[in-house]
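# Topology and contacts: notes
Next come the chains, spelled out residue by residue.
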Amino acid sequence: MTLPPIVTREEWRAAREELLAKEKAATRARDALNAERRRLPMVEIGEEYVFEGGDGKATLFDLFAGRHQLVVYHFMFAPEWDAGCRSCSAFVDQIAHLAHLRARGTELAVVSRAPYPRILPFKARMGWTVPWYSSYGNDFNHDFLVSVQGAEGEEPHERPGVSCFLRDRDRVFHTYSAYERGLDGLGSTTSFLDLTALGRQEEWERPAGRASALGAPAGSERIRYHDEYED
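Residues numbered from 1 in each chain as written. Predicted model: local features only at pLDDT ≥ 70, side-chain atom pairs only at ≥ 80, totals over all residues. Heavy atoms only, no water.

This paragraph deals with the overall build of the chain. Along the chain, the regular secondary structure elements total 7 helices and 10 strands. Dimensions of the chain, computed from C-alpha atoms along their principal axes, come out at roughly 60 × 50 × 35 Å. Across the 231 residues of the chain, 45% fall into the buried class. Relative to all contacts within the chain whose residues are 6 or more apart in sequence, the contacts with residues 24 or more apart total 61%. Split by element, the accessible area of the chain, about 13,600 Å² in all, is 52% carbon and sulfur. (Helix = DSSP H or I, 4+ residues; strand = E, 2+ residues; numbered from the N terminus. Buried < 20%, exposed > 50% of the residue type's maximum accessible area, 1.4 Å probe, protein only. Contact = heavy atoms within 4.5 Å. Areas by Shrake-Rupley, 256 points an atom, 1.4 Å probe, with all protein chains shown as cover.)

Right, let's talk about helix α1 (residues 9-38) for a bit. When the terminal C-alpha atoms of α1 are compared, their 42 Å separation across 30 residues agrees well with the 44 Å that a helix rising 1.5 Å per residue should span. Buried positions along α1 lie against β10 (171-179). (Expected span 1.5 Å × (residues − 1).)

This brings us to the nonpolar core. One finds Tyr73, Phe75, Val92, Leu108, Trp132, Val162 and Phe192 to be the most contacted residues of the largest nonpolar core, which totals 30 residues. Listing elements by their share of this core, those giving two or more residues are β4 (69-74), α3 (86-93), α4 (98-102), β5 (106-112), α5 (116-126), β9 (161-168), β10 and α7 (189-193). Each residue touching tyrosine 73, except ones within four places of it in the same chain, is listed here: Cys88, Phe91, Val92, Ala109, Val110, Val111, Pro160, Gly161, Val162 and Leu183. If you look at the next biggest cluster of nonpolar residues, it comprises 16 residues, including Phe51, Leu60, Ala109 and Phe165. (Core = buried A, V, L, I, M, F, W, Y, C linked by side-chain atoms within 4.5 Å.)

In this section: the pairing of β4. Of all 6 residues making up β4, 6 are buried, and the element is well covered by its neighbours. Of the pairings in the sheet, the one linking β4 to β5 comprises 6 bridges and is parallel in character. Within β5, the residue paired with leucine 70 across the bridge is glutamate 107. The pairing of β4 with β9 spans 6 bridges and is antiparallel. Among the inter-strand pairings, histidine 74 is bridged to a residue of β9, identified as glycine 161. (Pairing = 2+ DSSP bridges.)

What is shown is where atoms sit, not what they do.
Okay, here's the thing in C-alpha cells:
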C-alpha cells in the first residue's frame, strides 16, 4: 500500500493551504452549478400514476404528503427479485433524518418496481422508516428512465436515480433527475435540497426570491433538533 509522504507540521500546513484554495474554488463552482440547476425549466406531469404504499393506493400528488417539493429515490428492486439492490440499500442507509427536509417543505420517498408485498419484508429487515412505494403495473420507472427496456423479450434493465418534483396547488411538475454517478455525494439534507427547484431556501442563493417561498425564516434560524419541528 502506498501511503502519503511524511513531512513536518509546517510543510503539511503549507500543502493544506494550497489545497484549501482549490476546495474553496470548487465550492464556488458548485454553488454556481446549483444555481443553474434551479434555473432549469420544468415539465407538468399529466399521467395518473398509481403507487402502493403502507397506507394503500397513492398518486404522485399523494407522495408529497402535503409538502411543496418531493424527492424520489429510484431504488433498484425488480418484480422478480427477493431483495433490493445492495448498492441502493447502502444509499438509503445514509439518508439523513427526514425532519430537516420536511421543515423546508420537502418530502422524500423511495419508489421501486417490485410489488409492495415484496418490498415490505425487506424494508422491515433493513429497519427503514423512509416512505417506500411500489410502482408495479405503471410506467413511472420507464418514464423516468430508471427501467430501460432491453432487446425484445428481455426484462428491463434497472438503474438507480433521483427525480425531483414541485407542487403548485394541485399541479405537479418534474424539475430534475440524475442517475448512477450523478448520485455520488447525496444523502445529507443539503445535498437533496441542492437538487430541487427551491434549493436550500437561503437568502444568498440565486435566483433570488425563493428563500421565502414557504413563508418560513431562511438560513440557520429554521434549524431545530429533529424532535422540535412543527410539521
